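Residue-level structural notes
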Amino acid sequence: MEIKKSAIAGTLESSDVQVVVDPGENGIELTIQSSVINQFGPQIKAVVLETLQRLGVTSGKIAIVDRGALDCTIKARVECAVYRSNDQVDNLPWGGAIQ
């Protein structure tokens, strides 16, 4: 799956994460801002990259603004932003592999 247009998911509320995706051509360009970056930065990055890989996203600009979200929230927000970038709204395979 490719990122076709800009899309956003999530909020800047406590315990949430805002994910912004934009088309890109040079692989995955990931930026992370987090209130817990020193403790959980590597884990946040791993969760985002794993989710993108599972969705088949190979290029795009991904901006993460984390406010202490759990891994499951990060995964859901990344999935939602990618689906929105493709205008995919029906039969979403939440948490599963893309067919």
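Bear in mind the structure is a predicted one, so any value in this text is a computation, not a measurement. (Residues numbered from 1 in each chain as written. Predicted model: local features only at pLDDT ≥ 70, side-chain atom pairs only at ≥ 80, totals over all residues. Heavy atoms only, no water.)

**Details of the pattern of salt bridges**
Convention followed: By definition here, a salt bridge exists when the distance from a side-chain nitrogen of Lys or Arg to a carboxyl oxygen of Asp or Glu is within 4 Å. The secondary structure listing takes helices from DSSP runs of H or I that are at least 4 residues long and strands from runs of E that are at least 2 residues long, numbered from the N terminus. A simple rule labels every residue: compare its accessible area, found with a 1.4 Å probe on the protein chains alone, to the largest value its type can have, and call it buried under 20%, exposed over 50%, or partly exposed in between.
If you walk through the whole model with that rule in mind, you get three salt bridges. Note that Arg77 and Asp16 form a salt bridge whose closest N and O atoms lie 2.9 Å from each other. Within this pair, whereas Arg77 is found in helix α2 (residues 71-85), its partner Asp16 is found in the loop between β1 (7-9) and β2 (17-22), the two being separated by 61 residues in sequence. A relative accessible area of 28% places Arg77 in the partly exposed class. Of the residues examined, Asp16 reaches a relative accessible area of 8% and is grouped as buried. A salt bridge links Glu79 to Arg54, with the nearest nitrogen and oxygen atoms 2.6 Å apart. Within this pair, whereas Glu79 is found in helix α2, its partner Arg54 is found in helix α1 (residues 37-55), the two being separated by 25 residues in sequence.

**As for the side chain of Asn86**
Quick note on the threshold: We define a polar contact as two N or O atoms separated by no more than 3.5 Å, with the added condition that, inside protein, one atom must be a possible hydrogen donor and the other a possible acceptor, whereas residues neighbouring each other in sequence contribute only through side-chain atom pairs.
Relative to the helices and strands, Asn86 resides in the segment after α2. You can call Asn86 buried: its relative accessible area is 18%. A polar side-chain atom of Asn86 sits 2.8 Å from the main-chain carbonyl oxygen of Glu2.

**A closer look at the pairing of β2**
Note the cut-off: The pairing criterion is simple: DSSP has to find at least two bridges between the two strands.
Across three bridges, the pairing between β1 and β2 is antiparallel. Counted as the bridge partner of Ile8 is Val20 from β2. The pairing of β2 with strand β4 (residues 60-66) spans six bridges and is classified as antiparallel. Directly across from Asp22, in β4, lies its bridge partner Lys61.

**Structural notes on the environment of Ser35**
We count it as follows: We call two residues in contact whenever any of their non-hydrogen atoms come within 4.5 Å of each other.
Mapped onto the fold, Ser35 is located in the loop between β3 (28-34) and α1. For the pair Ser35 and Ser59, spaced 24 residues apart in sequence, the C-alpha separation works out to 26 Å. Every residue in contact with Ser35, bar those within four places of it in the chain, is listed here: Asp66, Arg67 and Gly68.

**Quick word on the packing of α1 against α2**
Rule in force here: Whenever a helix is involved, its axis is fitted only over the stretch in contact; in every case the axis is a line through C-alpha atoms, and angles between N-to-C directions fall within 0 to 180 degrees. Roughly parallel here means an angle under 35 degrees, roughly antiparallel means over 145, roughly perpendicular means 65 to 115, and every remaining angle is called oblique. For any pair of crossing helices, the crossing counts as left-handed if the nearer helix is rotated counterclockwise from the farther one by less than a right angle, and right-handed if it is rotated clockwise.
Running from N to C, α1 and α2 point in directions that differ by 40 degrees, and their axes come no closer than 9 Å. Compared by their axis directions, α1 and α2 come out oblique. The two elements α1 and α2 meet at a crossing, and its hand is right-handed. Where α1 abuts α2, its residues Gln43, Ile44, Val47, Val48, Glu50, Thr51, Leu52, Arg54 and Leu55 lie against Asp71, Ile74, Lys75, Val78, Glu79, Val82 and Tyr83.

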